[in-house]
Amino acid sequence: MSPRTRLALLLGWLALLAGLLAYVLGTLRVSTDLRSFMPPARTPEQRLLLDEIGEGPGSRLLLLALDGEEPDVLADLSKALVQKIRADQRFVRALNGEGDLGALAEDLLPYRYLLSTTLDSQRLDTATLRDELQQRVQDLGSPAAAWLKPLLASDPTLETLKLAQAWAPPGEPERYADVWFTRDGETALLLAETVAGGFDPAAQRAAQEALSSYFHEAAKETNAKITLSGPGVFTVRINATTSDEASRIGLFDSIGFVALLLLAYRRVTTVLAGALPLLSGGLAGMAALALLFGGAHGITLAFGFTLIGVAQDYPIHLFSHLRRERTPVAVAGLLWPTLATGVASTCIAYLAFFASGVDGLEQLAVFTIVGLATAALTTRFGLAHLLGSQPHDAAQSAWLAALWRWLAKLPRPRWLAPLLAMTAIGAMIWAPGAFWENNLAALTPAPADLVAQDTRLRAELGAPDVRYLLVIEASTADAVLAASEKLEPRLVQLQRDGAIGGYELPSRYLPSAATQRLRQSQLPDAATLRNALASAQQGLPFKPGSFDSFLRDVDAARGLPPLSAERYFASPLGLRLRAQLQARDGHWIGLVNLSGVADREALVRFAAAPDTTARLLDLKHASESLVAAYRTRVLYSLAVASVLLVAVVSMALRRRSRVLRVLLPMAVTTLLILAVLRLCGVSLSLFHLIALVLAAGLGLDYALFFEHVEDDEQEQRLTLHAILVCSASTFFVFLLLALSSLPVLRAIGTTVTLGVAFNFVLALLFTRPRQEIVGAR
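Bear in mind that the values here come from a model prediction, so they are computed numbers and not experimental data.

## So, unusual backbone geometry
For Ala 177, which is not glycine, the phi dihedral falls at a positive 55°. Mapping Ala 177 onto the fold places it in the loop between β4 (174-176) and β5 (179-181). Notably, Asp 178 is not glycine yet its phi reads approximately 70°, a positive angle. Locating Asp 178 in the fold gives a position in the loop between β4 and β5.

And the structure:
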């Protein structure tokens with residue numbers, strides 16, 4: 001091909017890449033919701049688990065601590081901060097011990113008499129009203145007068161304040177200056193509930209940045225400090241750490257890869273040309289995600305680019321096999337059957353993840369399969385035509401010839417493979433600890449200092465427990481609320497017995513229709529209430545007509561229909577109730593949040609009692625069963641993929657002896673990786689399985705090319721050179737991942753690093769040079 005033609009091909013290729021890039025930038029939406037990598041729910045408990053992890057009230061709570069100043073200063077900061085948060089639409093509520101008097105919408109204010117528990121034990125008669133009004137006279141002479149005056153005319157009994165107190169967290173902290181403080185009186189405490197779920201890093205980061213901004217604006221002339229904690233904080237920290245480490249590893253990987261190619265091939269143009277198939281594979285993979293899914297998770301892209309790093313082997317094989325007496329196109333044609341077999345086998349392995357049912361893994365499978373196939377095809381039909389006719393000939397290297405001769409003399413005992421396999425199996429059987437990791441939290445653990453801080457603040461605030469829930473199921477929302485009301489006396493007893501620290505029922509926010517009607521029936525008619533109020537006012541400093549709006553609200557309340565869940569959902573308080581009362585598959589469920597669970601057995605006995613209208617959900621147990629069930633499904637998929645892989649290799653190589661030589665290193669390597677991990681006390685997770693598939697693909701590639709070499713020492717040297725460069729670059733990339741502080745990256749990095757080392761050595765030992773077997777063919 002002439003230089004002009006090669007230039008035209010290069011420009012056309014770059015134009016195509018530019019078009020793909022424009023398409024990807026215009027259509028691919030990148031998600032940060034970590035639930036994309038959660039296994040699909042198979043049972044109601046598992047579905048509840050996934051909802052609670054991402055959207056439950058426990059996951060959406062942010063715990064705030066203010067310290068570093070005098071208590072009076074901190075109390076003022078707390079009051080200023082909570083007002084800012086309540087005005088921000090990114091938050092459902094903010095609590096600091098003060099009453100949230102603006103919680104009820106204007107059109108729902110008359111419902112306060114149906115929502116409050118006052119009428120369960122009192123009547124709006126002269127005696128009750130007299131006591132309330134006398135208390136208001138005292139309140140007007142206190143510091144509370146400023147916020148009380150606007151409320152007094154329409155609500156002299158302060159039902160809105162009683163509701164705000166009832167809707168406060170189950171176990172309130174100590175108070176100072178009307179706001180929450182720790183027991184030592186040195187730290188002001190607040191709770192903020194976000195609209196976004198705890199597993200949405202982008203939305204959580206925006207909410208937390210807003211909190212910090214509000215605080216620093218209010219505290220700019222003080223020495224106060226703010227501390228945030230909660231599941232959303234963990235999510236943001238883990239996501240940021242993952243991004244930082246991935247960027248740093250990517251930078252070192254790029255530098256190392258370029259340096260390695262320059263050392264191996266001595267030409268900058270070779271390095272630049274080798275990037276084209278990788279760019280093509282990456283952009284094609286992202287375009288496929290945009291076309292099939294409309295978007296992709298950020299972790300999918302990060303992992304995908306790591307896994308598609310296998311594609312760097314394709315141009316390396318071409319570069320290493322170039323010889324002066326053959327054109328690059330001829331070399332590519334000779335390599336293609338072996339290369340295509342490896343690509344097809346690896347793609348089949350990743351089909352197992354496409355059948356997983358997990359969005360993130362399905363995206364990962366599509367990205368990897370499309371990317372690998374594109375990189376291989378562009379190497380064969382594009383890159384080969386761009387290369388010049390005077391390549392660097394690695395076969396002429398003296399050190400490579402000496403290394404090959406030394407390797408050829410290594411003993412290859414036939415008993416080594418079964419010995420290694422049996423030893424590895426024995427090590428796995430006798431290794432300490434659990435074989436599988438079923439704890440979802442162990443995959444992305446928060447730093448120990450954050451966990452300790454969260455535990456301390458959660459204990460001070462009485463925030464809901466994130467492990468235990470009581471679940472109520474019924475055909476209608478009102479039936480759930482009625483069942484919730486029946487649970488309350490028994491939960492009160494559990495709290496008195498010390499089994500739980502507190503509870504939060506959906507009926508706490510919205511009573512059942514029957515309870516609302518009962519309270520409504522206790523409201524006096526307009527004339528009776530007016531006379532009772534007039535009698536109660538005698539001798540008190542209130543002008544006639546001061547409470548006309550109160551009389552109108554009570555009269556309106558007498559004719560109201562019961563407040564429904566649907567109407568409540570549309571109010572400013574709706575998100576609170578929606579977190580605990582949900583429509584699901586034709587019925588309704590209610591969630592009872594528990595805090596301070598101290599006696600699990602008492603809780604189990606409570607839930608097992610015949611008259612209990614709820615069942616206990618242990619989110620930790622549900623998560624472990626979810627992971628175990630999903631892992632079984634993935635293992636079955638991998639087993640099917642393994643059978644297909646053997647079939648593809650068998651069709652390509654056709655002789656059983658050749659198939660055995662290619663598959664044996666990969667199989668023994670897999671056992672050795674598992675043995676080493678288990679002897680080191682590592683319990684295997686889903687990400688170890690992903691990495692094992694990648695390691696197996698690398699081993700298959702090495703074995704196929706070692707088996708491919710002809711009875712020609714120069715060809716054998718070229719193959720050795722290619723695999724040395726491939727394995728060195730892959731080893732370097734995944735060694736960096738193995739040194740990561742994040743369990744997911746460390747699991748993938750350690751597994752693949754071991755796989756590269758074992759696969760390279762075993763492929764040399766078990767896949768013999770062709771001259772030793774040529775007579776047998």
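So, next bit.
## As for a nonpolar patch on the surface
The grouping of Val 258, Leu 262, Val 268 and Leu 272 at the surface amounts to a nonpolar patch, some 340 Å² of accessible area in total. Mapped onto the nonpolar patch, the elements with two or more residues apiece are α11 (231-265) and α12 (268-292).

## Quick word on the nonpolar core
Leu 28, Tyr 314, Leu 318, Phe 353, Leu 361, Phe 706 and Val 752 are the most contacted members of the largest nonpolar core, which totals 103 residues. The greatest single-element share of this core, amounting to 13 residues, is contributed by helix α29 (residues 686-708). Viewed by domain, this core spans two of them, domain 1 (1-31 + 266-394) and domain 4 (415-444 + 622-777), each represented by three or more residues. With residues near it in sequence (within four places) discarded, Leu 28 still touches Tyr 23, Met 286, Leu 289, Ala 290, Gly 294, Gly 295, Ala 296 and Leu 301. The next biggest cluster of nonpolar side chains, apart from the first, holds 56 residues, and it includes Leu 523, Ala 536, Ala 557 and Leu 594.

## A closer look at helix α4 (residues 71-86)
The end-to-end C-alpha separation of α4 is 22 Å, in line with the 22 Å expected for 16 residues at 1.5 Å each. The set of residues buried in α4 consists of Leu 74, Ala 75, Leu 77, Ser 78, Leu 81, Val 82 and Ile 85. Along the axis of α4, the buried residues cluster in a sector spanning 160°; they form a single face.

## So, the pairing of strand β2 (residues 61-67)
Within β2, six of the seven residues are buried, which leaves it mostly tucked inside the rest of the structure. The sheet contact formed by β2 and strand β6 (residues 188-194) spans six bridges and is antiparallel. Looking at the pairing, Leu 66 lines up with Ala 188 of β6. In the sheet, β2 pairs with strand β7 (residues 225-229) via five bridges, with the strands oriented antiparallel. Considered in β7, the bridge of Leu 66 is made with Ile 226.

## Regarding helix α8 (residues 145-152)
Within the span of α8, buried status applies to Ala 145, Leu 148, Leu 151 and Leu 152. Around the axis of α8, the buried residues are gathered within 125° of arc, so they sit on the same side. In α8, those exposed residues whose orientation departs by more than 90 degrees from the buried face are Ala 146, Lys 149 and Pro 150.

## Examining the side chain of His 688
You can see His 688 is positioned in helix α29. Judged by relative accessible area, His 688 falls into the buried class, the value being 7%. Only 2.9 Å separates the side chain of His 688 from the backbone nitrogen of Ser 685, close enough to count as a polar contact. Ignoring anything within four residues of it in the chain, the contact list for His 688 reads Leu 677, Val 682, Ser 683, Ala 747 and Thr 751.

## Examining the environment of Ala 691
In this structure, Ala 691 sits in helix α29. Along the backbone, Ala 691 and Thr 751 are 60 residues apart, and their C-alpha atoms lie at a distance of 5.9 Å.

## Some details on the packing of helix α7 (residues 126-140) against helix α22 (residues 526-537)
Running from amino to carboxyl end, α7 crosses α22 at an angle of 45°, the nearest separation of the two axes being 8 Å. When the axis of α7 is compared with that of α22, the two are oblique. Our pair here, α7 against α22, has a crossing hand that is right-handed. Between α7, through Thr 126, Leu 129, Arg 130 and Leu 133, and α22, the contact on the second element is made entirely by Leu 529, Ala 532, Leu 533, Ser 535, Ala 536 and Gln 537.

Cut-off values and rules
Counting of residues starts from 1 at the beginning of each chain's written sequence and follows it residue by residue. Given that this is a predicted model, residues contribute local features only at a pLDDT of at least 70 and side-chain atom pairs are listed and counted only at 80 or more, while totals for whole chains, interfaces and linings are drawn from all residues. Excluding hydrogens and water, the side-chain values take into account all heavy atoms of the structure. Under the DSSP-based scheme used, a helix requires at least four consecutive residues in state H or I and a strand at least two consecutive residues in state E, with every element numbered from the N terminus. Residues enter a patch when their relative accessible area is above 30% and they make no salt bridge; the linking distance is 9 Å between like charges and 5 Å between nonpolar side chains (Val, Leu, Ile, Met, Phe, Trp, Tyr). Calculation of accessible area relied on Shrake-Rupley with a 1.4 Å probe; when residues are assessed, cover is drawn exclusively from the protein chains displayed. We define a salt bridge as a contact between a side-chain nitrogen of Lys or Arg and a carboxyl oxygen of Asp or Glu at a distance within 4 Å. Definition used in this section: a nonpolar core is a set of buried Ala, Val, Leu, Ile, Met, Phe, Trp, Tyr and Cys residues joined via side-chain atoms within 4.5 Å. Each residue is placed in one exposure class: buried if its accessible area under a 1.4 Å probe, protein chains only, is under 20% of its type's maximum, exposed if it is over 50%, and partly exposed if it falls in between. Domain start and stop positions are those given by an automatic or database domain assignment. Contacts are assigned to residue pairs that have any heavy atoms within 4.5 Å of one another. An expected span of 1.5 Å times one less than the residue number is assigned to each helix. Working note: the arc is built from the helix axis to C-beta atom directions. In short, DSSP must find at least two bridges between two strands for them to pair. Counted as a polar contact is a pair of N or O atoms within 3.5 Å, where, for protein atoms, one must be capable of donating a hydrogen and the other of accepting one, and residues adjacent in sequence contribute only when both atoms are in side chains. The convention used is that axes are lines fitted to C-alpha atoms, helices contributing only their stretch in contact, and that angles between N-to-C directions extend from 0 to 180 degrees. Roughly parallel means an angle under 35 degrees; roughly antiparallel, over 145; roughly perpendicular, 65 to 115; everything else is oblique. What makes a crossing left-handed is the near helix being turned counterclockwise from the far one by less than a right angle; a clockwise turn instead makes it right-handed.

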